[in-house]
Amino acid sequence: LPIPPNLEVLDISSTHVKGYLNSASNNDTICIFPDNHLQSLDISYINQEEDVLNYVTGLKELKVINMEGNDYHLPKSSKSWFSDMKMLQRVNFASNVLHILSKDVFLQNEMISYLNLSNVGLNIIESDALNHLLNLTILDISNNNLEEHSFELDFSKTNLQYLHLQRNHFSSLSPSIRHKLE
């Protein structure tokens, strides 16, 4: 199924399709071309076995991506996942697998205002992993394995308004979080 070149929103959530970023066209294949105008992509709960990042490579105009509920083991590499998607504003990776958030993962995505990393088994957030996201207003890192010593976030330069930390392993909050709450 080729994607129309002027399509801005694509929701294939809860389907069982295969996805490739090439021009091959099979009946069960979604072809997403790098030169399209897609701004919003929902690939949540698609039960996909191949690398989910194949869906999004080259989507330069993408602003919203929802990849929730696929149990993907996201790469630990320090390479930015979406380095060519500088317009990205809303990212939902909830209910996938990501144990360590590297400082370079969202390095090229400074426009992100909403980031959901809940229920991904997160143990560590590297220092400076999120501090450059100056537009970040909502951060959900709930339902993970974070402890007070497993991350240090500096929110002094962000516009953070909502921080979801519930169901982690905190006995106290870091000074930067406590300062934001005061």
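None of these values were measured; they are calculated from a predicted model.

(A) Highlighting the overall build of the chain. Helices and strands together make up the secondary structure of the chain, namely one helix and eleven strands. Listing the helices and strands of the chain from first to last along the sequence gives β-β-β-β-β-β-β-β-β-β-β-α. Among the 182 residues that make up the chain, the fraction classed as buried is 45%. In the chain, 59% of the contacts between residues at least 6 apart in sequence involve partners at least 24 apart. Within the structure as shown, the chain displays about 9200 Å² of accessible surface, and the carbon and sulfur contribution to it stands at 50%.

(B) Up close: the packing of aromatic side chains. Under the counting rule described, the total for this entry stands at one aromatic pair. Judged by centre distance (6.4 Å) and plane angle (40 degrees), the rings of Phe93 and Phe106 are tilted. With Phe93 in the loop between strand E6 (90-92) and strand E7 (100-101) and Phe106 in the loop between E7 and strand E8 (114-116), this residue pair connects regions lying 13 residues apart in the sequence. The pair Phe93 / Phe106 is uniform in exposure class, with both members buried. Just above the ring of Tyr114 sits the side chain of Arg90; from NZ or CZ to the centre is 4.1 Å.

(C) Structural detail: the sheet that holds strand E5 (residues 64-66). The seven strands lie next to each other as E1-E4-E5-E6-E8-E10-E11, forming an open sheet whose pairing is parallel. Among the strands making up the open sheet, the edge pair consists of strand E1 (9-11) and strand E11 (162-164). Across the sheet, the mean angle separating the axes of adjacent strands is 5 degrees when strand polarity is ignored.

The rules behind the values
Residue positions within a chain follow its written sequence, with the count starting from 1. Per-residue local features of the predicted model are confined to residues with pLDDT of at least 70, and side-chain atom pairs are confined, for both listing and counting, to 80 or more; whole-chain, interface and lining totals are unaffected and use all residues. Side-chain measures were taken over the full set of non-hydrogen atoms in the model, leaving aside hydrogen atoms and water. Helix and strand assignments follow DSSP, with helices taken as H or I runs no shorter than four residues and strands as E runs no shorter than two, numbered in order from the N terminus. To sort residues, take the accessible area from a 1.4 Å probe on protein chains only and compare it with the maximum for the residue type: under 20% means buried, over 50% means exposed, and anything in between is partly exposed. Should any heavy atoms of two residues lie within 4.5 Å, those residues are considered in contact. Where accessible areas are quoted, they stem from the Shrake-Rupley method and a 1.4 Å probe; at the residue level, only the protein chains shown are allowed to cover. Classification of ring pairs uses Phe, Tyr and Trp, with its six-membered ring standing for Trp, and accepts pairs whose centres are within 6.5 Å; under 30 degrees between planes counts as stacked, over 60 as edge-to-face, and the remaining range as tilted. The criterion for a charge sitting over a ring is simple: Lys NZ or Arg CZ within 6 Å of the ring centre, and within 35 degrees of the ring normal. Pairing between strands is defined by DSSP: at least two bridges between the two strands are required. As a rule, the C-alpha atoms of each element are fitted with a line to give its axis, helices using only the stretch in contact, and angles between N-to-C directions run from 0 to 180 degrees.

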